[in-house]
Amino acid sequence: MINNLTEFNHNSDLTLDNKNFIWYFLEIKSRKSKYTAKSYERDIKDFFCVSSIYDITIEDIKKVSILHSQNFIMKLMDKNMSSATINRKISSLSALYKWLLKYQDNSTGIHIIKYNPFGNLKEEKPVINNKETEFLTKEECKVLLNSIDTSTILGHRNKTILVLALTTALRKSEIINIKIKHITTHTGYDVVKVIRKGGKEDIVKIQGNVLTMINEYIRLTKRNKLSSGEEYLFIGHSTNGNNKEKLDASTLNYMIKRVCKNAGIDKDLRVHSTRHTAITLAILAGATVEKVRDFAAHKNLATTNR
């Protein structure tokens with residue numbers, strides 16, 4: 001991925017025979033959010049049917065027309081991809097072309113492209129289905145958490161993740177990137193330091209029972225806050241090759257689905273569902289929309305209201 005690519009030589013020019021331009025685009029995006037950059041990379045490679053961005057030449061970029069972009073949308077629809085996924089892929093490609101349109105060389109008059117074939121597809125793109133995210137009621141939360149067997153390290157980890165998620169409304173990227181050193185105190189409160197969307201650092205209060213579960217999990221994994229501070233808090237406990245390694249979003253989603261099934265909760269839940277649950281329960285408890293916005297770390301009230 002981006003972080004493993006050869007370092008870009010910032011002293012070199014972006015010329016027409018240089019294949020580093022896509023890498024440079026992704027590097028710029030990764031400064032704000034590495035997850036967005038990785039998503040862009042996957043979508044770009046998907047469209048050009050390559051395994052590496054270095055396989056995409058400038059000529060390949062210039063050959064793309066409105067017909068190619070429209071056919072791409074139809075192909076994705078034929079695969080029964082969700083409207084949100086299709087729109088995201090088109091947005092990724094449009095962002096690349098929009099950035100390439102900025103390239104102008106005053107000394108030579110060179111420009112890479114003249115128009116964005118993904119920039120005017122409002123009629124072609126599917127309407128996003130704003131199906132409500134499923135969430136848990138307060139009683140279902142109790143049933144779910146009580147169903148988890150914490151006699152094993154895996155069970156204790158899963159319950160700790162869910163309790164943390166349901167009491168803080170953290171996003172999946174925020175949860176999996178917590179390091180042991182991020183569990184700390186601030187102005188007398190127990191907090192966890194997280195990296196929000198856009199790379200912004202933030203601190204989130206955690207309840208005493210949540211801290212107790214986290215400390216117990218650290219103890220069970222034979223680690224401590226002093227010598228293991230740089231390690232990721234939640235790690236794998238399996239024989240699939242990911243033992244003791246950082247979790248990924250798909251692992252969290254799979255865990256939640258499995259725990260819900262074992263608890264007899266017939267809902268299509270993902271990590272985002274725990275965030276939605278935490279926000280909804282805060283609203284039902286009487287919190288103002290402004291407080292909920294801050295709790296959820298939304299940039300504006302429109303997102304919270306939706």
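Residues numbered from 1 in each chain as written. Predicted model: local features only at pLDDT ≥ 70, side-chain atom pairs only at ≥ 80, totals over all residues. Heavy atoms only, no water.

A. Inspection of the layout of surface pockets at higher detail. Estimates place the volume of the second largest pocket at around 480 Å³. For the second largest pocket, the lining is made up of 20 residues, of which Leu-166, Thr-167, Gln-207, Ala-278 and Leu-281 are closest to its centre. For the lining of the second largest pocket, the elements supplying multiple residues, two or more each, are α6 (138-146), α7 (153-168), α11 (271-284) and α12 (289-296). Each residue belonging to the lining of the second largest pocket can be placed in one class, and the counts come to 13 nonpolar, three polar and four charged. (1 Å grid on protein atoms, 1.4 Å probe; cavity = no way out; pocket = protein on both sides within 12 Å on 5 of 7 lines; lining within 4 Å. Points joined across faces, edges and corners; volume = space filled by probe spheres on them. Helix = DSSP H or I, 4+ residues; strand = E, 2+ residues; numbered from the N terminus. Nonpolar A, V, L, I, M, F, W, Y, C, P; charged D, E, K, R; others polar.)

B. Expanded view of the packing of α7 against helix α10 (residues 249-262). As a packed pair, α7 and α10 sit with axes 11 Å apart at the nearest point and diverge in direction by 100 degrees. With respect to each other, α7 and α10 are oriented roughly perpendicular. Contacts between α7 and α10 involve Asn-158, Ile-161 and Leu-162 on the former and, on the latter, Leu-252, Met-255, Ile-256, Arg-258 and Val-259. Among the residues forming the contact of α7 with α10, the class breakdown is six nonpolar, one polar and one charged. (Axes fitted to C-alpha atoms, helices over the stretch in contact; angles between N-to-C directions. Parallel < 35°, antiparallel > 145°, perpendicular 65-115°, else oblique. Contact = heavy atoms within 4.5 Å.)

C. Broad picture of a nonpolar patch on the surface. Residues Ile-66, Leu-67 and Tyr-115 make up a contiguous nonpolar surface patch of roughly 280 Å² in combined accessible area. Along the chain, the position of Leu-67 falls in helix α4 (residues 66-78). (Patch = residues over 30% accessible without salt bridge, like charges linked within 9 Å, V, L, I, M, F, W, Y side chains within 5 Å. Areas by Shrake-Rupley, 256 points an atom, 1.4 Å probe, with all protein chains shown as cover. Salt bridge = Lys/Arg side-chain N within 4 Å of Asp/Glu carboxyl O.)

D. Summary view of the packing of aromatic side chains. One pass over the structure, following the stated rule, counts eight aromatic pairs. Note on Tyr-24 and Trp-99: the rings are 6.0 Å apart at their centroids and 55 degrees apart in plane angle, and the pair reads as tilted. Of this pair, Tyr-24 sits in helix α1 (residues 21-32) while Trp-99 is found in helix α5 (residues 83-100), placing the two residues 75 residues apart along the sequence. Note on Trp-99: relative accessible area 17%, which makes it buried. Both rings, one in Phe-47 and one in Phe-72, keep their centres 4.9 Å apart while their planes meet at 90 degrees; by these two values the pair is edge-to-face. Of this pair, Phe-47 sits in helix α2 (residues 34-48) while Phe-72 sits in helix α4, and the two are 25 residues apart along the sequence. Owing to a relative accessible area of 4%, Phe-72 belongs among the buried residues under this scheme. Three or more aromatic residues joined by ring pairs make a cluster, and in this case those are Phe-47, Phe-48, Phe-72, Tyr-97 and Phe-118. (Phe/Tyr/Trp six-rings, centres within 6.5 Å; stacked < 30°, edge-to-face > 60°. Buried < 20%, exposed > 50% of the residue type's maximum accessible area, 1.4 Å probe, protein only.)

E. Looking closely at the sheet that holds strand β3 (residues 201-205). If you trace the three strands from one edge of the open sheet to the other, you get β1-β2-β3, paired in antiparallel fashion. Looking along the sheet, the strands with just one partner apiece sit at the ends: β1 (183-186) and β3. Here the average twist between neighbouring strands, direction ignored, is 45 degrees. (Pairing = 2+ DSSP bridges.)

F. Layout of unusual backbone geometry. With a phi angle near 55 degrees, Cys-49 is a residue other than glycine that sits in the positive phi range. Positionally, Cys-49 belongs in the loop between α2 and α3 (58-63). Here Asn-80, not a glycine, exhibits a phi torsion of approximately 60 degrees, which is positive. Following the sequence through the fold, Asn-80 ends up in the loop between α4 and α5. The class of Asn-80 is exposed, set by a relative accessible area of 69%.

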